[in-house]
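As a plain string of letters, each chain reads:
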Amino acid sequence: MSEYPPLRLHVPEPTGRPGQATDFGYLRLSPAGAVRRPAVDTSHFDTQDLSYALVRVLDDEGQAVGPWAPQLDAATLERGLRAMMKTRIFDARMLIAQRQKKLSFYMQCLGEEAIAVAHSFALENGDMCFPTYRQQGLLLARDDVSMVEMMCQLMSNVRDPLKGRQLPVMYSMKRAGFFSVSGNLATQFTQAVGWGMASAIAGDTRIASGWIGDGSTAESDFHTALTFAHVYRAPVILNVVNNQWAISTFQAIAGGETTTFAARGVGCGIASLRVDGNDFLAVHAASAWAAERARRNFGPTLIEWVTYRAGPHSTSDDPSKYRPADDWQRFPLGDPIARLKAHLIGIGHWSEAQHEQTKRELEAEVAAAQKEAERHGTLLDGQIPSAATMFEGVYEDMPAHLRRQRQQLGV
Ligand SMILES: Cc1ncc(C[n+]2csc(CCOP(=O)(O)OP(=O)(O)O)c2C)c(N)n1
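Presented here is an overview of the structure given in this document. Here the structure is a predicted model, which means the values were calculated and not measured.

Another aspect to go through is the side chain of asparagine 243. When you line up the elements, asparagine 243 lands in the loop between β3 (236–242) and β4 (245–246). Look past the residues within four positions of asparagine 243 in its chain and what remains in contact with it is Glu112, Arg134, Asp214, Thr307, Tyr308 and Arg309.

Shown next, in the form of structure tokens:
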């Protein structure tokens, strides 16, 4: 008989299942303004405490406090609020369009709008983002990106810039610094590091920004990316969006239990921050800090954005089967739009009336874009790219066997 008790396998579980209330005590929150802001040339050692804390700027009263409060003028904040509202309205309309069978599939970023929008405000033209399918805010925050073009991709119609070859939401827009989204999780994370390395090899000044979800950090590409970013001091921002869920799996089973995803970066020799992802000001400040580090050749920064996936994973998912229905209402970091709105009202640069008016304007703008996109066809009415285009772009020049296959199809 062994003197030891029988071993037991530990399988992490979320604290809340349907019909229960999640205990968000696991989140390790810091009060707004409480976390220090080191100089941009800091070493990874010196970010160890930051990787377990939480950088926050907006307090419960909507005031901007502490060393991370960015010096952003009210006009920029208003633009940020507008871009977040636009993203939410865009998502809501496309969700309905999917239900109406005008597109085959959709993924919202409900509750995560601040991360992509504020981050994009901290980048420069020419920088390249390597997003997942949940960073549509990077595109919608830009004035030079047409919603019509995005919708045509979603509807896989004749104007779809990707010619109907990709699942909806897998946008690709090089000129907007938005690398082609791929369905294979985490692959873009290593590509972002490689792009940053190439920029350094070329002696360029542009930086890369890679994106990944909490669940996808369990992929080996995540670890490869961190190793290469550290070894070559690549000018890259490594963004981990911890929205607590990977479809039905809680972040604990991806490795988040009793530790943080930011702490992974420190272990790999990378300066790392853990930041309130629902705080527009904190997202902007941390993104600008990381961008400055990269541009000044101080190397990569990993940022864990703590947020909550408020909507279903996708239009193919029903979260009521695995988590409490009121989880988002109870999530302690709240709603990014409500928080920036309260801040702007507090500093006298916004009002309820302006908010309602802006909402109406944006709804009209998104509806008009949808109307125009639908003129080029939806999934319902068959105006899709010619089947002949299916064989193009596989190789730069079409090889003989693809020509034959195209002829066999008679198109
Ligand atoms: C290599 C690979 N494995 C599995 C999937 C299926 N899949 C698509 S999304 C997803 C969950 C990803 O969760 P997370 O990384 O946390 O991002 P989130 O969806 O929460 O934004 C999974 C498992 C996939 N697309 N690719």
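A full pass over the atoms with the stated rule returns 14 aromatic pairs. Ring geometry for tyrosine 308 and phenylalanine 331: centres 5.3 Å apart, planes at 40°, overall tilted. With a gap of 23 residues between them, tyrosine 308 in the loop between β7 (301–306) and α9 (327–330) and phenylalanine 331 in the loop between α9 and α10 (336–346) connect regions that are remote in the sequence. With respect to burial, tyrosine 308 and phenylalanine 331 carry one shared label: buried. Three or more aromatic residues joined by ring pairs make a cluster, and in this case those are Phe24, Tyr26, Trp245, Phe250, Tyr308, Tyr322 and Phe331. In this structure, arginine 37 is placed above the aromatic ring of tryptophan 68, and the distance from its NZ or CZ to the ring centre is 5.3 Å.

Below, the discussion takes up the sheet that holds strand β6 (residues 271–276). Pairing in this open sheet of 5 strands is parallel, and the strands run β1-β2-β3-β7-β6 from one edge to the other. Looking along the sheet, the strands with just one partner apiece sit at the ends: β1 (128–130) and β6. Ignoring which end each strand starts from, the neighbouring axes of this sheet average 20° apart. Two strands pair when backbone bridges link them, and β3 and β7 are joined in this way by 6 bridges, in the parallel orientation. From the neighbouring strand, valine 240 faces β7, where its bridge partner is glutamate 304. In the packing of helix α5 (residues 187–201) onto the sheet, the strands contacted are β1, β2 (208–213) and β3, and the crossing angle to β2 comes to about 170°.

By size, the foremost hydrophobic cluster in this structure holds 76 residues, and its most contacted members are Trp68, Phe90, Tyr171, Phe280 and Trp305. By residue number, the principal contributor to this core is helix α8 (residues 280–295), which donates 10 residues. Contact partners of phenylalanine 90, with chain neighbours within four places excluded, come to Tyr106, Leu140, Met147, Met150, Met151, Leu154, Tyr171 and Val366. Residues Val193, Ala234, Ala254 and Leu302 belong to the second largest nonpolar core, which totals 23 residues.

Let us now look at the pairing of β2. When you tally the buried positions in β2, you get 5 out of 6 residues, the bulk of the element. Across 3 bridges, β1 lies against β2 in parallel orientation. When the sheet's bridge partners are listed, cysteine 129 is paired in β2 with serine 209. Regarding topology, helix α6 (residues 220–231) serves as the crossover connection from β2 to the parallel β3, and that connection is right-handed.

Now for the environment of glycine 196. Within the fold, glycine 196 resides in helix α5. A relative accessible area of 0% places glycine 196 in the buried class. Expressed as a C-alpha distance, the spacing of glycine 196 and tyrosine 232, which sit 36 residues apart in the sequence, is 9.7 Å. Apart from the residues within four sequence positions on either side, glycine 196 is in contact with Ala208 and Pro235.

About the thresholds
Residues numbered from 1 in each chain as written. Predicted model: local features only at pLDDT ≥ 70, side-chain atom pairs only at ≥ 80, totals over all residues. Heavy atoms only, no water. Helix = DSSP H or I, 4+ residues; strand = E, 2+ residues; numbered from the N terminus. Contact = heavy atoms within 4.5 Å. Phe/Tyr/Trp six-rings, centres within 6.5 Å; stacked < 30°, edge-to-face > 60°. Buried < 20%, exposed > 50% of the residue type's maximum accessible area, 1.4 Å probe, protein only. Lys NZ or Arg CZ within 6 Å of the ring centre and 35° of its normal. Pairing = 2+ DSSP bridges. Axes fitted to C-alpha atoms, helices over the stretch in contact; angles between N-to-C directions. Core = buried A, V, L, I, M, F, W, Y, C linked by side-chain atoms within 4.5 Å. Right-handed = clockwise from strand over helix to strand, strands pointing away.

Treat this as a map of the structure, not an account of what it does.
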